[in-house]
Amino acid sequence: MPTYKLWYFNLTGLGEPIRLMLSYNNIPFEDKRIEFADWPKYKDQMPLGQMPVLEIDGKKYNQSKAVMRCLAKKFGLYGSSDEEAWEIDATADAIDDLRIPLSTYHWEENPDFKAKLKEPAFKKKEMLMAKFEEQVKKNGGFFVNKKLSWADLLYAGYTDYLSNVLGHDLNKDHPELKKLVDKIRAHPGVKAYLDKRPKTSL
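Residues numbered from 1 in each chain as written. Predicted model: local features only at pLDDT ≥ 70, side-chain atom pairs only at ≥ 80, totals over all residues. Heavy atoms only, no water.

> Could you give an account of empty space enclosed by the protein, naming the residues involved and the relevant values?
Taken as a whole, this structure holds one cavity of 30 Å³ or more when the rule is applied. Lining the largest cavity are Glu16, Leu20, Ala156, Gly157, Asp160, Arg185, Leu194 and Arg197. Sorting the residues of the lining of the largest cavity by element identifies helix H1 (16-24) and helix H6 (150-166) as the ones contributing at least two each. A per-class count over the lining of the largest cavity returns three nonpolar, one polar and four charged. Split by domain, the residues of the lining of the largest cavity number at least three in each of domain 1 (4-75 + 189-196) and domain 2 (82-186). (1 Å grid on protein atoms, 1.4 Å probe; cavity = no way out; pocket = protein on both sides within 12 Å on 5 of 7 lines; lining within 4 Å. Points joined across faces, edges and corners; volume = space filled by probe spheres on them. Helix = DSSP H or I, 4+ residues; strand = E, 2+ residues; numbered from the N terminus. Nonpolar A, V, L, I, M, F, W, Y, C, P; charged D, E, K, R; others polar. Domains from an automatic or database assignment.)

> Requested: an account of the UniProt feature "domain: GST C-terminal" (unreviewed entry) in the chain, with residues and values cited.
Per the UniProt record, "domain: GST C-terminal" (unreviewed entry) is annotated on residues 81-202. Regarding residues 81-202, the helix share stands at 75% and the strand share at 0%, and the terminal C-alpha atoms are separated by 36 Å. (UniProt positions renumbered as here; feature names shortened; annotations may be inferred.)

> Report on the pattern of salt bridges, specifying residues and quantitative values.
Between side chains of opposite charge, a pair can form as their charged atoms come close. What the rule picks out here adds up to 18 salt bridges. Linking Lys178 and Asp182 is a salt bridge whose minimum nitrogen-to-oxygen distance equals 3.0 Å. Linking Lys178 with Asp182, this pair stays in helix H7 (residues 175-186), spanning four residues, or about one helical turn. (Salt bridge = Lys/Arg side-chain N within 4 Å of Asp/Glu carboxyl O.)

> With reference to specific residues and values, describe the domain arrangement of the chain.
For the chain, the assigned domains are domain 1 (4-75 + 189-196) and domain 2 (82-186). Distance from the C-alpha centre of domain 1 to the C-alpha centre of domain 2: 20 Å. Domain 1 puts 15 residues into the contact, and the matching count from domain 2 is 17 residues. Where domain 1 abuts domain 2, roughly 1400 Å² becomes buried across the two surfaces, and 74% of that area is made up of carbon and sulfur atoms. (Contact = heavy atoms within 4.5 Å. Buried area = accessible area lost by both parts, 1.4 Å probe.)

> Give me helix H3 (residues 64-75): which residues, what numbers.
The end-to-end C-alpha separation of H3 is 16 Å, in line with the 16 Å expected for twelve residues at 1.5 Å each. Residues of H3 that are buried include every one of Ser64, Lys65, Val67, Met68, Leu71 and Ala72, and no others. All buried residues of H3 project into a common sector of 150° when viewed along the axis, lining one side. On its buried face, H3 sits against strand S1 (4-9), H1, strand S3 (53-56), strand S4 (59-62), helix H4 (82-107) and H6. Immediately downstream of H3, the backbone of Gly76 shows phi near 70°, a positive value. (Expected span 1.5 Å × (residues − 1). Buried < 20%, exposed > 50% of the residue type's maximum accessible area, 1.4 Å probe, protein only. Arc of directions from axis to C-beta.)

> Pulling in residues and values, what's your account of the side chain of Lys125?
With respect to the helices and strands, the residue Lys125 is situated in helix H5 (residues 111-138). You can call Lys125 buried: its relative accessible area is 6%. Every residue in contact with Lys125, bar those within four places of it in the chain, is listed here: Leu98, Leu102 and Leu166.

Here's what the structure looks like:
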């Protein structure tokens, strides 16, 4: 069996969907968490000087969604047709359309610019969350074709991070999305990972 090591910071963020993907498929992996103060020592070791990076048998693979797609193909979570794969990819891109403005708003240090970022970020969040709720309800509790795909794991992986950014549960007003995330978290492999993961602020 290949050996897996995930390199990422000691937070959820972009690394968490990969952790959930591996855990859901019962794949043992080394969860290499780098503190921000130690990052300069490791940066030059990464393909593009950024993380997350998934190392498989000593080879480093970068770009978080490319890693998710690669693993999804290995584990049968990328749909059963080109059209279904497109739906999954489109959903994943829409999920990033939710994450990126909220994350940009959260990390912005200039108070004047941060104030300008807030309204469009939260307006987009409301629109996308309503669309996602409808999509999951229509698809029997999943994002695409009534079965689990990597888009579901991507969303579940971002949930804790975005909930911390917002200061409340991302899914509090969206019962279908909450049920989806709870279903993934209840999977034995994922639950075992969540029970042992470090407590972090993000």
